[in-house]
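Reading the structure
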Amino acid sequence: MAASKKRVLDEDAGNPKAKKPRKDDASKTVKTRRFPRGGGTSFTPLEVKAIRAEAAKEANEELFEATKRSLRNARNADKKADKGMKDETIRVEHLNYKNIIAFVPGMKILGQVVSVQPLVLIVSLPNQLFAHVPITQISSQLTSILEILDADEDSPAPDEEEENPKARIPDLFEIFQPGQYVRAVVTAVHAPGSTDVAGLGRSRDELQKASRRKVNMDVAKADLRTGFTLSAAVRSVEDHGYILELGVPGVSGFLSFKDAKRGPFDDPEHLHVGRLLDVCVTKLSGNGRTCTVTVQPESVKTAFVSEVTSVSSILPGMLVQSLVTAVLHNGLNLQILGYFGGTIDQFHLLPGDPEDHYQSSLCISPSSPPRFALSLADHVLKLDVKSITKAKAESRSRTVLDAVRVTRVETERGLVVEVSPGVEGFVHISQTSDEHVPSLSPSSGPWKLGTVHRARVTGHFPLDGLMQLSLRPSVLEQKFLQVGEVQVGEIIKGTVKKLTNSALFVSISGSVDGVVWPNHYADIPLKHPQKRFKPGGNIKCRVLVVDPERKRIALTAKRTLLDSTLPIVSKFADAQVGLLTHAVVFKVSDKSLQVEFYNNLKAVVPAREASETAVGQLSTAFPVGKPVQVRIIAVDPETSRITASRHHDISGVEIGNAVEGIISEVQKDKAIVTLHPTQVMALLSLKNLANRRSVPVAQLRTSLQTGEKLQDLVVVSRNPEKGFVLVATKPREKEALVQKGSLSLDTLKVGQLVGGRVLRHARQGALVKLTASISGLLHPTDTCDDYDAGTPFPPMDLILRAVVVMVDKDKRQVKLSTRPSRLFPDQGKPVVDREITSMDALKVGDTVRGFVKNVAEHGLFVMLGRDIDARVQIKELFDAFVKDWKSRFAANQLVKGRILSIDTEKKQIEMSFRSGALQREPRSHLTLSDLSEGQKVEGHVKKIEDYGLFIEIDGSKLSGLCHKSELSDSKDADVALALRGFREGDPVKAVVLSVDEDKHRISFGLKPSYFDEDDFGSGDEDGEEAEDLEIGADALGVVQDAASDESDDGDIRNESDDEDQSAAASGDDDGDDDSDDDAMDVDTRIELNEAASSAGGASSSNVKAISLDLKEGFRWSAEDEDHDDASGVSSGEDEDEEPGQKKRKRRRKEIEQDLTADMHTKTPESNADFERVLLGSPNSSFLWVQYMSFQLQLSEVEKAREIARRALRTINFREEQEKLNVWIALLNLENIYGTDETLETTFKDAARHNDSKTVHLRVAAIFDQSDKFEKAEEQYQRTSKKFGQSSKVWTLFGEFYLKHGKLEEARKLLPRSLQSLEKRKHLKTISRFAQMEYKFGDPERGKTLFEGIVDSHPKRWDLWSVYMDMEASQGDIMSLRNLFDRVLVLKMNNHKAKSFFKKWLELERRIGDEEGQAAVKAKAIAYTQRSSSAS
């Protein structure tokens, strides 16, 4: 065949017609001159001769026809042609999709590995291109091994015996690593859209670089000199080194083991056959068949070629010398190796303008023929990875960059932008906008030079050292661009793309999709997933697995994993011992469960750790795909084995521990709390928490929120076997709080936390029982930091915790404290009432609060601390004189005062409740001789007699009589009435009329004529000053709460003058005294949890700080006094003003009785009462129904209907039960007072606005209760037809028949109900009918029904218990014993057996005998021993 081809060629060469296409050959010649290949020519000598003849002929013609200038130009042209067109510049072109196609196949190119995948390499090419290399195109040897493996041949082929076919197939990541430079040959270019896309809007090239014969096949053997670099593949392993295939015909390479150790290999002595190496020639053998090479990185990177014999010997990645021949605006023209032309584009130049640099030759690295593209980039020259750490980090995170500046515009390619100093990025023209952009302009348009844009990092071009960016708004808005951006454990919302029999495909964002496997559709297997997942529908998933290499994302739609707040375990480092997390069962065996976390991380759960209770087979209890909550109990880093357990680890909590947690779930009667930081699940009773917060349970249930943090919890019970913990806000009785062992005086220490129960209240405080032999004293001042908010006197039998503050072993006394500042010193809560432990902690003038210890004859004793009491004398109780002061105080009353004096030697503390300055003026030593007639003095009424007043001078013990005749200037005045206008203690201003020193008598006068205006002006000023002083001071004495403060003005006051006159007319002095006391007193009824308020006297110095209210009170009193004086008490105008001005300072409002205070306890008796209480509780159905009943008692049926309709409009729509109650009341009303039509109408309305089944059943019950049996039966039949799927309807219908003796009708209902009900409700319904037979029918029939149930379902322990209870109600102990014997034969866990034995023993005690009890105990012991031996 070769001979025939040769003849054809000879014939073509000898055929004269072959000269016709010579023009084409000439064009090829021109093209060859433009891109010379080795300096030779491809024309035959004959063709060269013909061309020269034609050229000579044309030259002669030009000599005769052209001018000298033309001849000169022609000579220059010939000269230029002779020089190989060296003066002509070469166009700088970029490597792109089109020119790659033009040179396919055969283009040699330099690339940099980006990613190593199991079957392919992803390679970065120059000018922002990517390519991939299949594993079959790596090397000839590797391909041969793959073919042998595929053909499953037992023995190698004869020509491959020397290639060690038994060598295993190396993984690609063992041969290559990201950043490595490789030489390749383009074998094919796929059209856009036919393959996956590596970058946005770009195509992927497919390279073949394995066959060294294709990359190196054109290398001349003569060029294999020292310093020549090329790629080689390991062909075999010999005794002293490796035989390499160089791809050069007739030449093999040799790499010694010694030189291999210098290479960048992890195991240089075990290089796999087929592995690629970058080598540098060190020596060629004499026969030219063996070439010794080295793999030392420095030699490979620094060796350069100075000359070659053929252009085909120039390979990608070589360092060559060059000469700059032209500097263009977009790159450089170079001459390499003295003859060949090449270009460098701007992407591979050093920063700066090309026209300002590069005037000398440099070392460059070529890329691919026929035209050489070279690079001056520093990282390419060194065959290194460009250090742009920031760019790589941002590329991984796909950061959105707020400001990138355009630094270069390539009209038809894209933009070069500056991301940060030293870091550049490239934006392809297709990524500048969502709209089509035909071209870019550097001087105009939105993307001109210098403009700043918002961009998103979409990738990285390692070879060019650029970041891949996009300016498209649609790309900026996308959440994910690539699989690597998705985080494991992240909750995402996607769209159902497609549902197949094997998986559910979900579109996450853009081109990023995920898959949901069938066992992750839901917590339980779905029989019809197509009903749940519709194409185009929204779905919420959690990311389960992310595999960036394979570009796969696995999702889960399990509700348990979606709602989980536990930590995510996605890698081995996340698995910490004690960590509680969720997992999914993926494999079940007899001895263990295998569960899977995120990212395919797996763990083993041994069978003993799989359940807290005994289970049959693990595969039944834990089907594949079931989500479970596990705790990691062991981690083995060496074997990467994780062991988990489903048992709750409660070792971190002990009984009595003070803990805190977060509410995970709120149920009907309890809340599930996750304790921190142990993550233990605990139960908290809502009733306990409601008692602590003093709110109803229903209100607490609605107010509690999931995630709410609870503090001050105490562990009251724990069961390690079952793994549950009970917590409470208050510890239970007889449970230790902190210590485990028994308490004693020797073990108790100050500061220790203990728990106890309040036994009783003693004089010094509450007696708390700690143990059977130890009790502690809790002083009132040690109970709380704020006496108002706390409970100074805790109720008896209260369980509390306290801190030991003192232990006296001699007196066997223990003193406790429940102050939060001592229990929780780290919380730093403010202390309102400080703890006073010694007299040194007090200073004169300190304002403190304490509790009344006792009331003595001379004053009070107040408890300020455990051993510190203060005395308050009578004179220091009030600012004014109070006669009946004892009634104002009681033991344990909270009071407030100031320290007057401290005597540390006598251990005495004096305290005062009075306002004003602490310094007391010494009592005046005024004597009779100091008084003179006409002297005006101030005093107070000491005593009132029928003949006058006894007045005591202030500041002395001198007193005298003011006769009744000296009260008024008017002779016609009613003197008796005037006397009754005074009260003991009233301040007065009097004139000394006479002094009898012998009889020690003083006569006073109070007539207004004795005084002028100046006498009262000073008094008013003094009173005003005293009032101003008092208004600014805090109230001392008995402490009131806010409610009593509001009514203080009504409780502490003086009577008006009208009342004074009526009291005087009655002549009851005692009543007047009582009235005066009431005017100055407060309500002294004391509650332990509330503080009372103190009152001053009637003087103005006792005025509260609420100045506005007091001033109004004074004006009101003054007006009444003026009115009374005008009626004739005193006739003079001056007399009318003087007492009024004095009394104004102590007048307060009249006591007004609050008639609505007891409305909440008093039954309303009128429409107005009902309307008033309904304003406060508009949602209370109880009040509305009472209102309706009240109207019915008045025969106002229509008004009752209207009230019901009004209630339904008023009650909040959320209060469904309250509305239902009103509807039921209205149905009862219509049943009794209405007609059938009105009842039917109301019934339909009620069924429409409420749960229809409930209303139907309630109407039937109403008929039954009103003895309308026929209507009741009709209603039950109506209900059973409409709600035949409800077990409750059938059981109530059957109960109705049985109660009325219709046994056969009732028994016929059972088979009817089983035909209508779902199968899962059959057992419950049969059980209910059997119970009704025991109660209302035939017990034997009920027994028959239960026997059928327990025979078909022997493991339903609850039904066994119900059966036993029914038999117990019949009192048949023998039948019960038979039942217990039968049930205890069945296989059950010890806990359930214990409950049955306990139940049996109780029944024996109730209806059995002692022999039966002994038999039960013996059987229980035997059962326990038998189960222990079996285990």
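Numbering of residues starts from 1 in each chain and follows the order in which that chain's sequence is written. Local features in this predicted model are restricted to residues of pLDDT 70 or higher, and side-chain atom pairs are both shown and tallied only at a pLDDT of 80 or more, whereas totals for entire chains, interfaces and linings draw on every residue. Just so you know, side-chain values use all the structure's heavy atoms and leave hydrogens and water out.

A short note on the overall build of the protein
Along the backbone of the protein there are 42 helices and 52 strands. Each residue is assigned to one of three classes by its accessible area relative to the maximum for its type, calculated with a 1.4 Å probe on protein chains only: buried under 20%, partly exposed between the two thresholds, exposed over 50%. With 1431 residues in all, the protein has 44% of them scored as buried. Runs of E in the DSSP output that reach at least two residues are strands. Runs of H or I that reach at least four are helices, and both are numbered from the N terminus.

Focus on the sheet that holds strand S47 (residues 936–945)
Two strands are said to pair when DSSP picks up at least two bridges between them. Within the closed barrel, the 5 strands sit side by side as S47-S48-S49-S51-S50. Their pairing is mixed. The sheet shows a mean angle of 50° between the axes of neighbouring strands, taken without regard to direction. Of the pairings in the sheet, the one linking strand S50 (residues 987–996) to strand S51 (residues 1001–1005) comprises 5 bridges and is antiparallel in character. Directly across from Val991, in S51, lies its bridge partner Gly1005. Between N-to-C directions, angles span 0 to 180 degrees; the directions come from axes that are lines fitted to C-alpha atoms, helices contributing only their stretch in contact.

What to know about the state of the cysteines
Count a disulfide wherever a pair of cysteine sulfur atoms falls within 2.5 Å. Using the criterion set out here, one finds 0 disulfides in the structure. With no disulfide partner, Cys280 has as its closest neighbouring cysteine sulfur the one in Cys291, 9.2 Å distant. Judged by its relative accessible area of 5%, Cys280 falls in the buried class.

Concerning the sheet that holds strand S19 (residues 423–428)
The strand order around the closed barrel formed by 5 strands is S17-S18-S19-S21-S20, and the pairing between neighbours is mixed. Between one strand and the next, the sheet's axes are offset by a mean angle of 50°, whatever the strand orientation. When strand S20 (residues 452–461) meets strand S21 (residues 466–470), the two strands line up antiparallel, connected through 5 bridges. Within S21, the position partnered with His460 by the bridge is Met467.

Observations regarding the packing of helix H28 (residues 1167–1176) against helix H29 (residues 1181–1193)
At a minimum axis separation of 10 Å, H28 and H29 run at an interaxial angle of 170°. Judged by the inter-axis angle, H28 sits roughly antiparallel to H29. Between H28, through Asn1167, Phe1170, Glu1171, Val1173 and Leu1174, and H29, the contact on the second element is made entirely by Leu1183, Trp1184, Gln1186, Tyr1187, Phe1190 and Gln1191. Think of it as three bins: nonpolar holds Ala, Val, Leu, Ile, Met, Phe, Trp, Tyr, Cys and Pro, charged holds Asp, Glu, Lys and Arg, and polar takes everything else, Gly as well. Partitioned by chemical class, the residues of the contact of H28 with H29 number 7 nonpolar, 3 polar and 1 charged. We call two directions roughly parallel when the angle between them is under 35 degrees, roughly antiparallel when it is over 145, roughly perpendicular when it lies between 65 and 115, and oblique otherwise. Contacts were defined at the residue level, with two residues in contact if any of their heavy atoms lie within 4.5 Å.

Looking at the pattern of salt bridges
When their charged atoms lie close together, side chains carrying opposite charge are able to pair. Here, a salt bridge means any Lys or Arg side-chain nitrogen found within 4 Å of an Asp or Glu carboxyl oxygen. With the rule as written, the count across this model stands at 48 salt bridges. Glu410 is the salt-bridge partner of Arg413, the closest N and O atoms lying 3.0 Å from each other. Overall, Glu410 belongs to the buried group, its relative accessible area being 9%. One salt bridge connects Asp513 with Lys497, and the closest N-O pair in it is separated by 2.6 Å. Placement of Asp513 in strand S24 (residues 512–516) and of Lys497 in strand S22 (residues 491–499) is noted, with a sequence separation of 16 residues between them. Since its relative accessible area comes to 27%, Asp513 is described here as partly exposed.

Focus on the packing of aromatic side chains
Working definition: a ring pair exists when centres of Phe, Tyr or Trp rings (six-membered ring for Trp) sit within 6.5 Å. Plane angles under 30 degrees give stacked, over 60 give edge-to-face, the rest tilted. Scanning the entire structure with this criterion turns up 19 aromatic pairs. Judged by centre distance (4.8 Å) and plane angle (5°), the ring pair of Phe1170 and Tyr1187 falls under stacked. Taken together, the residues Phe1170 in helix H28 and Tyr1187 in helix H29 connect sequence positions 17 residues apart. Overall, Phe1170 belongs to the buried group, its relative accessible area being 2%. Exposure remark for Tyr1187: the relative accessible area of 5% places this residue in the buried category. Ring geometry for Tyr1334 versus Phe1346: centroids 6.1 Å apart, planes at 45°, classification tilted. Pair noted here: Tyr1334 is in helix H37 (residues 1322–1336) and Phe1346 is in helix H38 (residues 1339–1352), with a separation of 12 residues, a long-range link. Phe1346 matches Tyr1334 in its accessibility class, with the two residues each being buried.

A look at the nonpolar core
Definition of nonpolar core: a set of buried residues of the types Ala, Val, Leu, Ile, Met, Phe, Trp, Tyr and Cys, connected through side-chain atoms within 4.5 Å. Of all hydrophobic cores here, the largest spans 79 residues; its most connected members are Leu1227, Val1255, Trp1360, Met1364, Val1383 and Phe1396. With 8 residues, the top contributor of residues to this core is helix H31 (residues 1216–1233). Setting aside anything within four residues of it in sequence, one finds Val1383 in contact with Trp1357, Trp1360, Met1364, Met1388 and Phe1396. With 39 residues, the next largest nonpolar core counts Ala232, Val234, Val281 and Val305 among its residues.

Looking at the confidence of the model for the protein
When the pLDDT values of the protein are averaged, the result is 76; 77% of them are 70 or greater. The low-confidence segment residues 1–39 (pLDDT under 50) makes 15 contacts with residues lying over four places distant or belonging to another chain. Overall, residues 80–86 carries pLDDT values under 50, and its contacts beyond four positions in sequence, including any with other chains, amount to 5 contacts. The predictor rates its confidence in each residue with pLDDT, a number between 0 and 100.

Focus: helix H34 (residues 1269–1282)
With 14 residues, H34 ought to run about 20 Å at 1.5 Å a step, and its terminal C-alpha atoms sit 20 Å apart, in line with that. Buried residues of H34: Ala1272, Glu1273, Gln1275, Tyr1276, Thr1279 and Ser1280, and no others. All buried residues of H34 lie within an arc of 160° about the axis, which places them on one face of the element. Opposite the buried face of H34, by more than 90 degrees, sit the exposed residues Glu1270, Glu1274, Lys1281 and Lys1282. The secondary structure elements touched by the buried residues of H34 are helix H32 (1236–1249), helix H33 (1252–1265), helix H35 (1287–1299) and helix H36 (1303–1316). Under the convention used throughout, the expected extent of a helix is 1.5 Å for every residue step, that is, one less than its residue count. It is the directions from the helix axis to the C-beta atoms whose arc is reported.

Some thoughts on H33
The first and last C-alpha atoms of H33 sit 20 Å apart over 14 residues, in line with the 20 Å expected at 1.5 Å per residue. Of the positions making up H33, those classed as buried are Ser1252, Val1255, His1256, Leu1257, Val1259, Ala1260, Ile1262, Phe1263 and Asp1264. Contacts from the buried residues of H33 go to H31, H32, H34 and H35. The first or second residue beyond H33 is Asp1267, which carries a positive phi of 65°.

Structural notes on the packing of H33 against H35
How two helices sit against one another is set out by the angle between their axes and by the gap between those axes. It is the contact of H33 with H35, at a shortest axis distance of 11 Å, that shows an interaxial angle of 5°. Between H33 and H35, the angle falls in the class roughly parallel. Residues Lys1253, Leu1257 and Asp1264 of H33 touch H35, and the partners they reach there are Lys1288, Val1289, Leu1292 and Phe1296. Here the residues of the contact of H33 with H35 are counted per class, giving 4 nonpolar, no polar and 3 charged.

Description of unusual backbone geometry
Despite not being glycine, Ser640 has its phi angle at roughly 55°, a positive value. Mapped onto the elements of the fold, Ser640 is located in the loop between strand S30 (627–636) and strand S31 (641–645). Positive phi, normally seen in glycine, also occurs at Asn892, with a value near 70°. Structurally, Asn892 can be placed in the loop between strand S44 (869–873) and strand S45 (894–903). The exposure class assigned to Asn892 is partly exposed, which follows from its relative accessible area of 28%.

Section: the environment of Leu449
With respect to the element layout, Leu449 can be found in the loop between S19 and S20. Judged by its relative accessible area of 44%, Leu449 falls in the partly exposed class. With 34 residues separating them in the primary sequence, Leu449 and Leu415 have C-alpha atoms 9.2 Å apart. Each residue touching Leu449, except ones within four places of it in the same chain, is listed here: Val406, Thr407, Arg408, Val409 and Pro442.

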